[in-house]
Amino acid sequence: MPASHRARLMVVVGAFPSLSETFLYTMLKDLQCSGVQVLVRARHRGTSPHQTAWCRNVRYLPSEELALPLRMAILLPVAAWVMLRRPATFVRAVRVLRRHTCGLRELVDQAYLIAPLLVASADAVYFAMGNMAAKYALYTMIRPNAIVALIGSDAHTHPLLSDTYRERLKLALLNAAAVRCVCEDTKRRAERLVGGSLPNAVVVPIAVDAAHLSGPDPSRVVRRPAQGEVRLVSTGRLHWCKGLEHGMMALRELLNRGVACRWRIVGEGPYRAALECAVRDLGLGDVVSLVGARDAAGIREELLSADIMFHPTVADAISNSVLEGMALGLPVVAGDAGGIREGVRHGETGLLIPPRDWRAMADALEVLARNPDLRARMGAAGREAVLCRFTPRHQDKAIAALLAMVGGTR
Amino acid sequence: MTRVAFVTERFPDPARPGQVDWLAAVQARGIGVEVFAEQVGEPDRPIPFAVRALGRGRTWGARENAVGLGRAWARAHYLLREAPSPKQAVRAIARYLPALRHSVDLLHFDSAHVLARWRLLPKLLEAPALVTLRGADLADEDVCRSALCAADHVLVASRHLLAEAQRLGCAKPISVVPEGVGTDFFCPAAGSEPPSGAYRLISCGELTWQTGPEFAVQAVALLVKRGLNVEYCVAGDGDMREAVLYTAAELGILNRVRVCSYLAAEVLRDSLRQCNAYVAANVAEDDGVGPLLAQACGVPVVCTDAGALPEMVEDGVTGLLAKRRDAWDLAEKLAAVLGNPGQLTAMGLRARWRARALFSTSQRAERMASVYGALSSARVAVGAGQTARIGYG
């Protein structure tokens, strides 16, 4: 491949744009800035407060809900194109489809799924989440340019739900040219899933949005508590795995101990009704605000006006929310789940507590609430830790190595 | 004969094993029952009343529709006239078509959400609307408020829900009719001995955030940590299945937690009979009848103090109540019950007695028949050709 060649990376996602996965947008934006051609292929349109106009090459894959004759009408010309233009790929696809599908119906369904990916000419295909990789698992067996990213729930919770998902993901992981795991914990889970080591797996931590890292060091700014209250903030999708209900129990306990505090929860998601119920039930209406989704600037503003990043998660890989909080000089109180400890060093950049243990959470919050110096020290150490490991520069370098590994040199 | 249409989301509902029984018992009391369901499933036994499918793509065939074409036309005409645009009118006609040819004296909506989805039905069929306010409805208070306004009469299953309806500003008459379970079918096995070996716990019903299944699994893990040999069966399905499996895996008790889907009535009864205690870790009202089924089978219930559970379970008599969202308290109460076999047996006996006395199908059917009778007679009293339409706005 000539040195001047601009790598073309096709990114396959579920919804685009989406409320969550801000770290994915950070990555794509940085790659695009550094000269990689990013082509986004999404299964359906989503909504997001985040600005995604920078990504111009977005196409939506044909709907899987179309009636069979319509799908056939789409599939046949695409298949003919692949047969004429890429006969070797076509032959391989037919072989793989015949070997890994049962019956004509499944064969057509799978062919319909992977055909649009076979047509696109990209140096590498990046499945942004494990569930995408599981869905398009057969693609990884046909073309040797697939990178599978494991970002959290795709390796933590989804494999428990369905045998089919587990088998498909296993197939994708074993056949992909490279597997990008966002933390060591996720890599361990992936290896447990395939029942052995994964030589193609690489740990590439996520990067914090460069906007959070520019400007004066926020940890040096003395954060003045509003009217003597300590201000907690959480950002992220409202989902059971964020453990926010346990956090509310901790907050009730904290208030019972006489610590004045407020908690702003930024984000949206399917667990809102449960959280609203908990707020009502625990009498936290005056201190907890479910503020909804915010764009990157709004999140930055929320983080800058808080004292502690509170992340009572029960299931996580390495949390982008936590890293963003650390980047803006916030000490962290987080559940010691998944790969959180790879981002937060207990006692240095924050306090880790056993997941679901609301009494321990209240203890940790009380320690930080009563000690502004400790908060400032941990905040500064947190920002330092992010600058050392989780910047776009670090991620960019690692992704470049990954692209080189699959042949799409930069 | 009074004709009542029971409008529900799915029928038969695997999460409510007693539903067919009480509707059949109402029919046996001289009230004509038919069910309009958005999803019609396969019944596991003969159903003595008509079940009709509602919704898009569900029609009853040209011949059936042709029979009631005249009546349907008048009602379709109303939709054409009232709809904001012809496109919406056509959509509404297509949607309501299966119901248009029918004539009933009373529409009983199984939840506020169902009434919200089929809000034109009372007007089209010119029948008063009775709505059951369910715990799951409370997650969306706007839907609740609009349903409470649109209905002529409100039904709740507990005093807790009565208070919630009043909090939401319900100005319509409200009847409290507790849930009922088939206490003749769900009963302890004859001459059964308490199960030996590992302590067996069970929960059944929908796995939603309201039922707090994650807290139950955490409590079981705490019991295992204390050295108790416990097995836990979760019979049900829902959004929180993932949370149950993940929590069990993370806390190292996946081998002790069995998550199966909804069980057929016989299997559920046998499973309940083999258990030492029933666990309900609810954080909010969920409409489940699991605690009642367990009590009918003579199984004590350890549950939280959420929603109507304190009305279903008498604390210290038929089970124990724990604080909601507090797995430690739940584990404490479970340990107290399991660690005292004498108390376990006594609670089981009292639970059985209380279930028969307060929550039997026949009692529910009796009360429902009187509610249906009172509402339909109020409609007749308004006069021929008129209906007791209140709050159609």
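Residues numbered from 1 in each chain as written. Chains lettered and ligands numbered in written order. Predicted model: local features only at pLDDT ≥ 70, side-chain atom pairs only at ≥ 80, totals over all residues. Heavy atoms only, no water.

Caption draft 1: Examining the overall build of chain A more closely. Assigned secondary structure in chain A consists of 19 helices and 13 strands. Radius of gyration (C-alpha) of chain A: 23 Å, near the 22 Å computed for a compact globule of 410 residues. Referenced to the eigenvectors of the C-alpha coordinate spread, the extents of chain A come out at roughly 75 × 45 × 40 Å. Looking at chain A as a whole, 56% of its 410 residues are labelled buried. The long-range share in chain A, meaning contacts at least 24 apart out of those at least 6 apart in sequence, stands at 72%. (Helix = DSSP H or I, 4+ residues; strand = E, 2+ residues; numbered from the N terminus. Rg over C-alpha atoms; globule rule 2.2 N^0.38 Å. Buried < 20%, exposed > 50% of the residue type's maximum accessible area, 1.4 Å probe, protein only. Contact = heavy atoms within 4.5 Å.)

Caption draft 2: Highlighting the side chain of Asp154(A). Residue and element names in this part refer to chain A. With respect to the helices and strands, Asp154 occurs in helix α7 (residues 153–156). For the buried residue Asp154, which engages in no salt bridge, the nearest side chain bearing the opposite charge is Arg189, 9.1 Å off. Among the polar contacts listed, one links the side chain of Asp154 to the backbone nitrogen of Gly130, at a separation of 2.6 Å. Among the polar contacts listed, one links the side chain of Asp154 to the backbone nitrogen of Ile151, at a separation of 3.1 Å. Discounting residues that sit within four places of it in the chain, Asp154 has contacts with Met129, Gly130, Asn131, Ala149, Pro159, Tyr165 and Leu169. (Lys, Arg positive; Asp, Glu negative; His and termini not counted. Salt bridge = Lys/Arg side-chain N within 4 Å of Asp/Glu carboxyl O. Polar contact = N/O pair within 3.5 Å; in protein donor to acceptor, adjacent residues only side chain to side chain.)

Caption draft 3: Quick peek at the packing of aromatic side chains. Evaluation of the coordinates by the stated rule reveals ten aromatic pairs over all chains. Measuring from centroid to centroid gives 5.9 Å for Trp240(A) and Tyr246(B), while their planes differ by 55°, and the two rings are tilted. Taken together, the residues span two chains, with Trp240(A) in the loop between β8 (230–235) and α12 (244–256) and Tyr246(B) in helix α10 (residues 241–250). As far as the burial class goes, Trp240(A) and Tyr246(B) line up, both buried. Here the aromatic residues Phe127(A), Tyr136(A) and Tyr139(A) are joined through ring pairs into a cluster of three or more. Sitting over the ring of Trp328(B), Arg359(A) keeps its end group 5.7 Å from the ring centre. The cationic tip of Arg269(B) hangs over the ring face of Phe185(B); the distance from NZ or CZ to the ring centre is 4.1 Å. (Phe/Tyr/Trp six-rings, centres within 6.5 Å; stacked < 30°, edge-to-face > 60°. Lys NZ or Arg CZ within 6 Å of the ring centre and 35° of its normal.)

Caption draft 4: Seen up close, the sheet that holds strand β1 (residues 3–11) of chain B. Residue and element names in this part refer to chain B. As summarised here, the arrangement of the seven strands in space is β3-β2-β1-β4-β5-β6-β7, forming an open sheet in which the pairing is parallel. For this open sheet the edge positions go to β3 (50–53) and β7 (174–176), each flanked by a neighbour on one side alone. Taken pair by pair, the neighbouring strands of this sheet meet at an average axis angle of 25°, ignoring direction. Bridging between β1 and strand β4 (residues 106–109) involves four bridges; their strand directions are parallel. Residue pairing for β4: Val4 is matched across the bridge by Leu106. (Pairing = 2+ DSSP bridges. Axes fitted to C-alpha atoms, helices over the stretch in contact; angles between N-to-C directions.)

Caption draft 5: Summary view of the sheet that holds strand β11 (residues 277–280) of chain B. Residues and elements named next belong to chain B. If you trace the six strands from one edge of the open sheet to the other, you get β10-β9-β8-β11-β12-β13, paired in parallel fashion. One side of each edge strand has no neighbouring strand; the edge strands of this open sheet are β10 (257–260) and β13 (319–322). When strand polarity is set aside, the average angle formed by the axes of neighbouring strands in this sheet is 20°. Inspection of the sheet shows strand β8 (residues 199–204) paired to strand β9 (residues 230–235) by six bridges, in the parallel sense.

Caption draft 6: Layout of the interface of chain A and chain B. Contacts between the two partners involve 25 residues from chain A and, on the opposite side, 23 residues from chain B. Both faces combined, the contact of chain A with chain B buries some 2300 Å², and carbon together with sulfur accounts for 55% of it. Contact with chain B buries area across many residues of chain A, yet Leu160(A), Trp240(A) and Arg356(A) alone supply 29% of it, more than any other trio. The salt bridge involving Arg280(A) is made with Glu141(B); its shortest N-O contact spans 3.7 Å. Put simply, chain A and chain B have nine residue pairs in polar contact (both at pLDDT 80 or more) between them. Breaking the side of chain A that touches chain B down by element, the ones donating at least two residues are α8 (158–161), α12, α13 (272–281) and α17 (358–369) of chain A. (Buried area = accessible area lost by both parts, 1.4 Å probe.)

Caption draft 7: Summary view of the domain arrangement of chain A. All names here are of chain A. In terms of domain boundaries, chain A breaks down into domain 1 (8–61 + 122–207 + 392–409) and domain 2 (210–389). For the pair domain 1 and domain 2, the two sides together bury roughly 1500 Å², of which 66% comes from carbon and sulfur. Taken together, domain 1 and domain 2 are joined by zero salt bridges. Between the two partners, domain 1 and domain 2, sit four residue pairs in polar contact (both at pLDDT 80 or more). Those elements that place two or more of their residues in the side of domain 1 that touches domain 2 are α1 (22–33), α10 (184–194) and α19 (392–406). Its residues assigned to classes, the side of domain 1 that touches domain 2 shows ten nonpolar, eight polar and four charged. (Domains from an automatic or database assignment. Nonpolar A, V, L, I, M, F, W, Y, C, P; charged D, E, K, R; others polar.)

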